[in-house]
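Residues per chain are reported as follows:
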Amino acid sequence: MRDVTDSALGNRDYNPRPGRLIENVRVEDVDVTTGAVTAGDEEPSLVGGYDAEHPVSGVHVVNMRRDGRACHTLEEANIRVLPNASDITIE
């Protein structure tokens, strides 16, 4: 997971008929191997809406592991919640 946003809103190649929001997304069984990435060098996954009228809500990450260890917080998963996003969880 890298970027769950409404950033494709104005891009006709990806979104010929823009909607109002992204909601109720469930991402399950994600395994991330950082390999040779040095601490602090890895870019975070971003979750955010395009603007207040095009929000992202209800993104739930279930059973995510980094280098074999379960992630219990968004910080452990290296997921950053941006503006115009709500109800972003990890279990």
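Up top is the structure these notes are about.
The structure presented is a predicted model; accordingly, all values stated were derived computationally and were not measured.

(A) A look at the pairing of strand β3 (residues 45-48). Side chains Ser45 and Val47 project from β3 onto one buried face, and the interleaved Leu46 and Gly48 project onto a second face that is buried too. As paired strands, β3 and strand β6 (residues 79-81) are joined by 3 bridges and run parallel to one another. Across the sheet, Ser45 pairs through a bridge with Ile79, a residue of β6.

(B) Examining unusual backbone geometry more closely. Its identity is not glycine, yet Asn78 carries a phi of approximately 60°, on the positive side. Structurally, Asn78 can be placed in the loop between α1 (74-77) and β6. On the basis of relative accessible area, Asn78 is assigned to the partly exposed category, the value being 22%.

(C) Examining the side chain of Arg66 more closely. If you trace the backbone, Arg66 turns up in strand β4 (residues 56-66). Look at Arg66 and you get buried, because its relative accessible area is 15%.

(D) Summary view of the environment of Ile88. By the element assignment, Ile88 lies in strand β7 (residues 85-90). Among the residues examined, Ile88 registers a relative accessible area of 13% and is labelled buried. For the pair Ile88 and Val59, spaced 29 residues apart in sequence, the C-alpha separation works out to 4.8 Å. Those residues in contact with Ile88 that lie beyond four places of it in its chain are Val47, Gly58, Val59, Leu74 and Val81.

(E) How the structure looks around the environment of His60. Within the secondary structure layout, His60 lies in strand β4. Ignoring sequence-local partners within four residues, the contact set of His60 consists of Val25, Arg26, Val27, Asp87 and Thr89. Only 2.5 Å separates the side chain of His60 from the side chain of Thr89, close enough to count as a polar contact.

How each quantity is defined
Residues numbered from 1 in each chain as written. Predicted model: local features only at pLDDT ≥ 70, side-chain atom pairs only at ≥ 80, totals over all residues. Heavy atoms only, no water. Buried < 20%, exposed > 50% of the residue type's maximum accessible area, 1.4 Å probe, protein only. Helix = DSSP H or I, 4+ residues; strand = E, 2+ residues; numbered from the N terminus. Pairing = 2+ DSSP bridges. Contact = heavy atoms within 4.5 Å. Polar contact = N/O pair within 3.5 Å; in protein donor to acceptor, adjacent residues only side chain to side chain.

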